[in-house]
Amino acid sequence: MPGTERVEITGPYGDRYDEILTPQAIDLIAALHAELGPRRSELLAARRRRQAELSGGAMLDFLPETAGIREDASWRVAAPAPGLIDRRVEITGPTDKKMTINALNSGANVWLADFEDANTPLWDNMITGQLNLKDALDRTIDYTSAEGKDYALRPDDELATIVVRPRGWHLDEKHILIDGVRASGSLTDFALYMVTSAQRQLEAGKGPYFYLAKNESHLEARLWNDAFNLAQDALGIPRGTIRATVLIETIPAAFEMEEILYELREHSAGLNAGRWDYLFSVIKKFRTRGRDFVLPERNSVTMTAPFMRAYTELLVKTCHRRGAHAMGGMAAFIPSRRDPEVNEKALAKVREDKARESADGFDGSWVAHPDLVPLCKEVFDGVLGTNPNQLGKQREDVHVTAEDLLAVSKTPGTITEAGLRNNISVALQYLASWLGGSGAVGIFNLMEDAATAEISRSQTWQWIHNDVALDDGVVVKRDLVERLIDEELSKIRAVSGESFDAERYGQAVALFTEVALADTFAEFLTIPAYERMP
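Residues numbered from 1 in each chain as written. Predicted model: local features only at pLDDT ≥ 70, side-chain atom pairs only at ≥ 80, totals over all residues. Heavy atoms only, no water.

Draft legend 1. The arrangement of the packing of aromatic side chains in detail. Scanning all chains against the criterion turns up 18 aromatic pairs. Summarising the aromatic geometry, the rings of tryptophan 75 and tyrosine 262 are spaced 5.2 Å apart at their centres and angled 75° between planes, so their arrangement reads as edge-to-face. Here the residue tryptophan 75 occupies a position in the loop between α2 (67–71) and β2 (89–94), and tyrosine 262 occupies one in helix α8 (residues 257–263), the gap between them amounting to 187 residues. Overall, tryptophan 75 belongs to the buried group, its relative accessible area being 7%. Given a relative accessible area of 25%, tyrosine 262 falls into the partly exposed group. (Phe/Tyr/Trp six-rings, centres within 6.5 Å; stacked < 30°, edge-to-face > 60°. Helix = DSSP H or I, 4+ residues; strand = E, 2+ residues; numbered from the N terminus. Buried < 20%, exposed > 50% of the residue type's maximum accessible area, 1.4 Å probe, protein only.)

Structure representation (structure tokens):
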């Protein structure tokens with residue numbers, strides 16, 4: 001694989017890889033690392049220090065040192081960019097060929113082209129995903145399924161706007177070494193897309209747009225902003241061309257929403273309520289703090305829980321005060337063509353969720369399946385009408401305190417054996433698929449991604465380490481979880497029949513055991529999982 005004196009590419013070379021791993025792309029990755037790599041390391045160390053403080057009894061609060069930014073009513077983010085003015089429906093999914101075509105054709109306004117939680121970071125996935133985006137912009141992409149069904153793009157004016165989600169700051173790209181050190185997954189994904197597709201997007205009348213995942217502070221947003229300026233300067237693109245929406249999917253970031261918008265204001269496209277990772281972050285950050293921070297089982301935690309209402313309402317108020325889009329959370333339901341009763345109940349819940357978001361002032365929301373696009377669009381059409389967004393809805397009635405954001409103990413719900421079993425089964429099925437190269441997985445009529453597995457394993461860890469009792473009085477202990485792992489694995493084996501992959505599920509059990517039952521809590525399960533793949 002070609003490289004440079006400073007950059008070594010260790011991944012295998014596949015068909016057309018040279019179209020992505022160009023000298024210009026490799027040079028940009030190296031330049032970004034030279035300038036930003038040390039700060040990235042410092043910010044990851046700051047995360048670890050903050051975690052130690054929280055585990056030691058500290059509490060989160062709004063930052064006194066940035067009060068001036070919050071109190072200054074004069075500043076605004078950049079005006080919405082072409083293709084991002086009306087975002088009432090956004091669809092998410094990985095960048096394989098079939099999903100690329102289906103998402104762009106779905107009728108959604110935006111497609112979140114995902115290199116993060118809905119994707120497995122196999123080397124081939126990362127490079128062919130970039131190729132698929134390039135081919136989509138060139139209109140040379142097509143796909144034929146094993147059943148002989150052909151997929152092709154609709155006319156350009158019917159296609160969703162592409163917004164790319166790179167990997168989070170914590171993830172490496174182990175197949176690219178810079179001075180012998182692994183590259184940042186974030187900077188790699190960003191640089192490859194900028195070099196390959198930014199100009200193509202500009203020629204299409206839009207621009208290079210991004211979703212930024214797993215950010216925990218305004219300083220991490222500042223790092224992204226500096227990366228944007230460096231890349232734009234290197235490629236001769238005017239500053240401010242890039243636009244980025246930040247997922248508020250960690251609880252520390254919820255206390256720094258205004259500051260995050262401020263750091264990115266020239267490049268900001270708004271904030272998103274990344275609800276599933278937000279739950280994971282709450283569990284992770286306060287995992288050793290006793291019952292006040294123990295959530296009920298995952299499926300009983302709804303968006304009406306007081307701490308979730310506080311988070312989403314504050315997000316809308318913050319965004320609209322600064323002229324930024326506020327994007328709602330994921331509808332993960334997968335419609336079933338075989339079970340109308342399941343569909344009816346689930347679609348009613350999706351409609352209720354989207355109605356609440358649109359009434360709260362969100363400018364749009366996410367779906368995971370093309371069949372949900374019409375429903376989401378219908379709900380938001382009912383509120384927006386011909387308006388492209390709700391930026392004028394200021395939500396001056398919202399007043400959220402630090403105590404409101406941390407009111408986890410007020411969440412209604414129970415912890416049952418069925419809930420524990422569901423955590424185990426979903427995690428095992430997802431991890432088996434993830435290790436096999438697929439990061440978006442349909443399980444029990446829901447489209448699951450890495451956030452689901454994170455909630456499942458972190459809840460299990462927290463329940464064990466806080467002596468949590470199930471509703472029948474049984475205390476969650478390691479031996480109970482080990483027994484249920486065996487039983488749930490047997491159920492999966494029975495349902496799968498001949499398609500059951502014993503080796504893959506053996507790896508999934510080992511990984512789940514490592515991240516759910518070990519004494520030390522793994523910050524992200526994707527880090528040890530990544531080491532298990534080539």
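Don't stop here, the text continues.
Draft legend 2. Here's a closer look at empty space enclosed by the protein. Applying the stated criterion across every chain, the model contains four cavities of 30 Å³ or more. Glu116, Asp117, Leu171, Ala450 and Thr526 are the residues nearest the centre of the largest cavity, which is lined by 15 residues in total. Of the residues in the lining of the largest cavity, the class split is six nonpolar, three polar and six charged. Estimated volume of the second largest cavity: approximately 60 Å³. For the second largest cavity, the full set of lining residues is Arg275, Met303, Arg309, Thr312, Asp353, Arg356, Glu357, Asp360 and Phe362. (1 Å grid on protein atoms, 1.4 Å probe; cavity = no way out; pocket = protein on both sides within 12 Å on 5 of 7 lines; lining within 4 Å. Points joined across faces, edges and corners; volume = space filled by probe spheres on them. Nonpolar A, V, L, I, M, F, W, Y, C, P; charged D, E, K, R; others polar.)

Draft legend 3. Highlighting helix α3 (residues 97–105). Burial in α3 covers these residues: Met99, Thr100, Ile101, Ala103, Leu104 and Asn105. Contacts from the buried residues of α3 go to β2, β3 (110–114), α4 (123–138), β4 (142–144), β5 (150–152) and β6 (161–165). Regarding α3, its N-cap is aspartate 96, as a side-chain oxygen of that residue lies 3.3 Å from the backbone nitrogen of lysine 98 further along. The first or second residue beyond α3 is glycine 107, which carries a positive phi of 90°. (Contact = heavy atoms within 4.5 Å. Polar contact = N/O pair within 3.5 Å; in protein donor to acceptor, adjacent residues only side chain to side chain.)

Draft legend 4. The arrangement of the state of the cysteines in detail. Under the definition given, this model contains zero disulfides. We note that cysteine 376 lacks a disulfide partner, and the nearest cysteine sulfur, in cysteine 319, lies 17 Å from it. (Disulfide = S-S within 2.5 Å.)

Draft legend 5. View of the packing of helix α16 (residues 478–496) against helix α17 (residues 502–517). Two numbers describe how α16 lies on α17: the axes approach to 12 Å, and their chain directions differ by 155°. Viewed along their axes, α16 and α17 adopt a mutual orientation that is roughly antiparallel. You can see that α16 and α17 cross each other, and the crossing is right-handed. On the side of α16, the interface is formed by Arg478, Val481, Glu482, Ile485, Leu489 and Ile492, while α17 contributes Tyr505, Val509, Phe512, Thr513 and Leu517. A class-by-class count of the residues in the contact of α16 with α17 yields eight nonpolar, one polar and two charged. (Axes fitted to C-alpha atoms, helices over the stretch in contact; angles between N-to-C directions. Parallel < 35°, antiparallel > 145°, perpendicular 65-115°, else oblique. Left-handed = near helix turned anticlockwise from the far one by under 90°.)

Draft legend 6. The arrangement of unusual backbone geometry in detail. A positive phi angle, near 55°, is found at aspartate 179, a position not held by glycine. Its location among the elements puts aspartate 179 in the loop between β7 (172–178) and β8 (181–184). Look at lysine 214: it is not a glycine, yet its phi comes out positive at around 65°. With respect to the helices and strands, the residue lysine 214 is situated in the loop between β9 (209–212) and α6 (218–235). Accessibility expressed as a relative area gives 4% for lysine 214, which makes it buried.

Draft legend 7. Up close: the pattern of salt bridges. Per the stated rule, a full pass over the model turns up 54 salt bridges. Via salt bridges that share partners, Asp114, Glu116, Asp117, Arg165, Lys214, Glu249 and Asp277 belong to a single interconnected network. (Salt bridge = Lys/Arg side-chain N within 4 Å of Asp/Glu carboxyl O.)

Draft legend 8. Broad picture of the sheet that holds β7. Pairing within the open sheet is antiparallel, and its three strands lie in the order β1-β7-β8. With one partner strand each, in any of the chains shown, β1 (7–9) and β8 form the two edges of the open sheet. Put simply, the sheet's adjacent strands are angled 55° from each other on average, direction ignored. The pairing of β1 with β7 spans three bridges and is antiparallel. Within β7, the residue paired with isoleucine 9 across the bridge is isoleucine 176. (Pairing = 2+ DSSP bridges.)

Draft legend 9. Local environment of α17. Counted at 1.5 Å a residue, the expected span for α17 with its 16 residues is 22 Å, and the 21 Å between its end C-alpha atoms agrees. Here α17 has its buried residues at Tyr505, Ala508, Val509, Leu511, Phe512, Val515, Ala516 and Leu517. Buried residues belonging to α17 abut α14 (417–435), α15 (450–465), α16 and α18 (526–531). Of the residues flanking the start of α17, the one acting as N-cap is aspartate 501, its side-chain oxygen 3.2 Å from the backbone nitrogen of glutamate 503. (Expected span 1.5 Å × (residues − 1).)

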